[in-house]
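The chain contents come next:
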Amino acid sequence: MDKREIKNFSHVMGCLHRLNIVVDELAILYKVRQEKEWRFVSQHLFRIYHMGLMYIFILEYCKLLEGDDGRKTDHWGSLTKLNEK
């Protein structure tokens, strides 16, 4: 079966891509820094950005782990649904 025939393949790949972006951004925020740089990235704006990144991470991670309950339109990013195909 060709991956183009599997409808949710691109959705799963999209979820994995967004997870990769989030993890890369978090790694940039929390790399080892000098004191002056650390104070800068510890400001309120970066804390809000961190919370947004964590929200996206949790959202995409949950989408990947959702099971298939038989409905046709739900769970497009589900790895379970992709594995069944």
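Residues numbered from 1 in each chain as written. Predicted model: local features only at pLDDT ≥ 70, side-chain atom pairs only at ≥ 80, totals over all residues. Heavy atoms only, no water.

**Looking at the overall build of the chain**
- Secondary structure assignment for the chain yields four helices and zero strands.
- For the chain, the N- to C-terminal ordering of α and β elements is α-α-α-α.
- Within the chain, buried positions represent 21% of all 85 residues.
- Look at the contacts in the chain between residues 6 or more apart in sequence, and 56% of them connect residues 24 or more apart.
- Total accessible area on the chain is roughly 6,600 Å²; 61% of this is exposed by carbon and sulfur atoms. (Helix = DSSP H or I, 4+ residues; strand = E, 2+ residues; numbered from the N terminus. Buried < 20%, exposed > 50% of the residue type's maximum accessible area, 1.4 Å probe, protein only. Contact = heavy atoms within 4.5 Å. Areas by Shrake-Rupley, 256 points an atom, 1.4 Å probe, with all protein chains shown as cover.)

**Thoughts on a nonpolar patch on the surface**
- A cluster of nonpolar residues, Tyr55, Ile56 and Leu59, forms a patch on the protein surface that exposes about 290 Å² of accessible area.
- Topologically, Tyr55 is positioned in helix 3 (residues 44–65). (Patch = residues over 30% accessible without salt bridge, like charges linked within 9 Å, V, L, I, M, F, W, Y side chains within 5 Å. Salt bridge = Lys/Arg side-chain N within 4 Å of Asp/Glu carboxyl O.)

**Let's talk about helix 3**
- Between its first and last C-alpha atoms helix 3 spans 32 Å; for 22 residues at 1.5 Å apiece the expected length is 32 Å, and the two agree.
- Taken together, the buried positions of helix 3 are Leu53, Glu60 and Leu64. The arc that holds the buried residues of helix 3, viewed along the axis, is 45°, so those residues lie on one side. Residues of helix 3 that are exposed and angled more than 90 degrees away from the buried face: His44, Met51, Tyr55 and Leu65. (Expected span 1.5 Å × (residues − 1). Arc of directions from axis to C-beta.)

**Let's talk about the nonpolar core**
- If you look at the biggest cluster of nonpolar residues, it comprises five residues: Val12, Cys15, Leu19, Leu64 and Leu82.
- Among the elements that take part in this core, helix 1 (residues 9–29) stands out by supplying three residues, more than any other.
- Those residues in contact with Leu64, other than ones at most four positions away along the chain, are Val12, Cys15, Leu16, Leu19, Gly77, Ser78, Leu79 and Thr80. (Core = buried A, V, L, I, M, F, W, Y, C linked by side-chain atoms within 4.5 Å.)

**Quick look at the packing of helix 1 against helix 3**
- Across the interface, helix 1 lies against helix 3 with an axial gap of 9 Å and an inter-helix angle of 150°. With respect to helix 3, the axis of helix 1 lies roughly antiparallel. Seen from above, helix 1 lies across helix 3 with left-handed handedness. Contacts between helix 1 and helix 3 involve Val12, Cys15, Leu16, Arg18, Leu19, Val22, Val23, Glu25, Leu26 and Leu29 on the former and, on the latter, Phe46, Tyr49, His50, Leu53, Met54, Ile56, Phe57, Glu60, Tyr61, Lys63 and Leu64. (Axes fitted to C-alpha atoms, helices over the stretch in contact; angles between N-to-C directions. Parallel < 35°, antiparallel > 145°, perpendicular 65-115°, else oblique. Left-handed = near helix turned anticlockwise from the far one by under 90°.)

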